[in-house]
Amino acid sequence: MSEQRSVLAEIQDTSVAEDEAVSLTSELIRIDSTNTGDPATVVGERAAAEYVAEKLAEVGYETTYVESGAKGRGNVVARLAGADPSRGALLVHGHLDVVPADASEWSVHPFSGAVQDGYVWGRGAVDMKDMLGMTLATARRFKRDGVVPPRDIIFAFVADEEAGGEYGAQWLVDNRPELFEGATEAISEVGGFSITVKDGVRAYLIETAEKGIAWMRLRVRGRAGHGSMVHEDNAVTRLTQAVARLGAHRFPLVLTDSVREFLAAVTELTGMEFDPEDLDGSVAKLGAVARMVGATLRDTANPTMLTAGYKANVIPSVAEAVVDCRVLPGRQEAFERELDELLGPDVEREWIANLPAVETTFDGHLVDMMTAAVTAEDPGAATLPYMLSGGTDAKSFHTLGIRCFGFAPLRLPADLDFSALFHGVDERVPVDALRFGTRVLDRFLRSS
């Protein structure tokens, strides 16, 4: 009977943290922390950081608040001492900023944090104020209840991830590395969410790798002239021809270890075969997650911006374009050679940002504990490694020798197109998924 009361008490305590995760996520969404990429127009990161610091201080944490390189770019770090200080610390990190949202396109206001129809709605609901809410709720519970985890846990809430981390994770790594002293492993966003691979069978994708981010500016120089004349050295024409070649090009298919292991695991779970002669077609059978997986089969280079000219009847001497390149691990040199062949000698190129690919293996104690925490809450489920086609602050933290994973656990409805919610209209996270994730995170951090 006493054992049963203990279990019931634990469930009750978790329920309190689950409620808090929902309310904290909603409150964080109501803080507009839009990151436009232009430091002059960024709003709300300080307010979000101060909110987090206050919630941690309420339960007894000592927090470090740092503004990084520019006024208002707030970051908060706190450490919970573990039972074995000789073990490497675990870093749990998340970003406070969100991408812009046009309220006229949404069903609810993107900064309302509305809790309705079984979801928490708003910009950042899945990217990534859901994980911030679950992390805060769990951190607060541990402090209130006097929970001592197996090793130190470092909680970091940082700015500027949506623009590459110059004022957030990267600044902290470069200027305040002592805040992460002893950290050997880390978890953060875009992993731990479920996909339904067949009727009643869920798999949780743990991010073990992510493509490199390389934003590139192209420039072509020509002869300026009058728009009414025959002109054979038009910078706009030559640039757009090069951009069209690049946009139409398909880079070679390359199976990395992470993708190969993911496909093999799906085959084992479902019997689905992935024909190497038609891998794109085979991956398309995965449903909504196919977009994410398909983007990790090859490098990509997508033109996103064009700039040229200042008057309708003036042929400009310079035309520029910006291209969003995503590069597989180990492919940077080969990718650049292929770029140069496609663009030709008359097109100048320079990197605006060039953040490396990150990859680790799907093994070890931490992975075992992720799997155990997930399957304790969802028996019969599987965990699979996967590669993220985008990027996270892992690109900064891994330079400190930290092994990085994406593990923000959510059990999702089978019909929810989760990947479309990132940076999308009507971004939202299921309330039940937040509750599930809080339970999983609690189990995981107690055993990691």
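Residues numbered from 1 in each chain as written. Predicted model: local features only at pLDDT ≥ 70, side-chain atom pairs only at ≥ 80, totals over all residues. Heavy atoms only, no water.

## Considerations on the pattern of salt bridges
Argument step 1. Applying the stated criterion to the full structure yields 37 salt bridges.
Argument step 2. The shortest N-O distance in the salt bridge between Arg 123 and Glu 427 comes to 2.7 Å. Of this pair, Arg 123 sits in the loop between strand E5 (119-121) and helix H3 (129-145) while Glu 427 sits in the loop between helix H12 (418-421) and strand E19 (428-430), placing them 304 residues apart in sequence.
Argument step 3. Looking at Glu 427, the relative accessible area reads 1%, which means it is buried.
Argument step 4. Residues Arg 403 and Glu 185 are paired through a salt bridge, measuring 3.8 Å at the closest nitrogen-oxygen approach. Placement of Arg 403 in strand E18 (residues 403-406) and of Glu 185 in strand E7 (residues 183-188) is noted, with a sequence separation of 218 residues between them.
Argument step 5. For Glu 185, a relative accessible area of 14% corresponds to the buried category.
Argument step 6. Through salt bridges that share partners, Glu 18, Asp 19, Glu 377, Arg 435, Arg 439 and Arg 443 make up one connected network. (Salt bridge = Lys/Arg side-chain N within 4 Å of Asp/Glu carboxyl O. Helix = DSSP H or I, 4+ residues; strand = E, 2+ residues; numbered from the N terminus. Buried < 20%, exposed > 50% of the residue type's maximum accessible area, 1.4 Å probe, protein only.)

## Let's talk about empty space enclosed by the protein
The probe, sized like a water molecule, is rolled over the atoms to show the empty space still left.
Argument step 1. With the rule as written, the count across this model stands at one cavity of 30 Å³ or more.
Argument step 2. In this structure, the largest cavity encloses a volume near 70 Å³.
Argument step 3. Residue lining of the largest cavity: Val 126, Met 128, Asp 130, Met 131, Glu 189, Val 190, Gly 191, Phe 193, Ala 408, Leu 410, Phe 418 and Phe 422, and that is the complete set.
Argument step 4. A per-class count over the lining of the largest cavity returns nine nonpolar, one polar and two charged. (1 Å grid on protein atoms, 1.4 Å probe; cavity = no way out; pocket = protein on both sides within 12 Å on 5 of 7 lines; lining within 4 Å. Points joined across faces, edges and corners; volume = space filled by probe spheres on them. Nonpolar A, V, L, I, M, F, W, Y, C, P; charged D, E, K, R; others polar.)

## Comments concerning a negative patch on the surface
Argument step 1. A cluster of acidic residues, Glu 273, Asp 275, Glu 277 and Asp 278, forms a negative patch at the surface.
Argument step 2. Relative to the elements of secondary structure, Asp 275 occurs in the loop between helix H6 (257-270) and helix H7 (279-283).
Argument step 3. Judged by relative accessible area, Asp 275 falls into the partly exposed class, the value being 37%. (Patch = residues over 30% accessible without salt bridge, like charges linked within 9 Å, V, L, I, M, F, W, Y side chains within 5 Å. Areas by Shrake-Rupley, 256 points an atom, 1.4 Å probe, with all protein chains shown as cover. Lys, Arg positive; Asp, Glu negative; His and termini not counted. Charge placed at Lys NZ, Arg CZ, Asp CG, Glu CD.)

## A closer look at the sheet that holds strand E15 (residues 348-355)
In sheet architecture, strand pairing relies on hydrogen bonds along the backbone and comes in two forms, parallel and antiparallel.
Argument step 1. Judged by pairing direction, the sheet is antiparallel, and its four strands sit side by side in the order E12-E14-E10-E15 without closing on themselves. Where the open sheet ends on each side, the last strands, each with one partner, are strand E12 (300-308) and E15. This sheet shows a mean twist of 20 degrees between the axes of neighbouring strands, independent of strand direction.
Argument step 2. Of the strands in this sheet, strand E10 (212-221), E12 and strand E14 (318-327) are in contact with helix H5 (residues 235-248), which crosses E10 at around 150 degrees.
Argument step 3. Lying over the sheet, helix H9 (residues 332-343) contacts E10, E12, E14 and E15, oriented at roughly 155 degrees with respect to E15. (Pairing = 2+ DSSP bridges. Axes fitted to C-alpha atoms, helices over the stretch in contact; angles between N-to-C directions. Contact = heavy atoms within 4.5 Å.)

## Quick word on the environment of Pro 430
Argument step 1. With respect to the helices and strands, the residue Pro 430 is situated in strand E19.
Argument step 2. Spatially, the C-alpha atom of Pro 430 lies 28 Å from that of Val 147, the residues being 283 residues apart in sequence.
Argument step 3. Residues in contact with Pro 430, not counting those within four places in the same chain, are Gly 118, Tyr 119, Leu 412, Pro 413 and Leu 416.

## Here's the deal with the sheet that holds E19
Argument step 1. Reading across from one edge, E4-E5-E19 is the order of the three strands in this open sheet, with antiparallel pairing throughout. Sheet topology places strand E4 (115-116) and E19 at the edges, where each strand pairs with a single neighbour.
Argument step 2. Relative to E19, E5 runs antiparallel, the two being bridged by three bridges. Looking at the pairing, Tyr 119 lines up with Pro 430 of E19.

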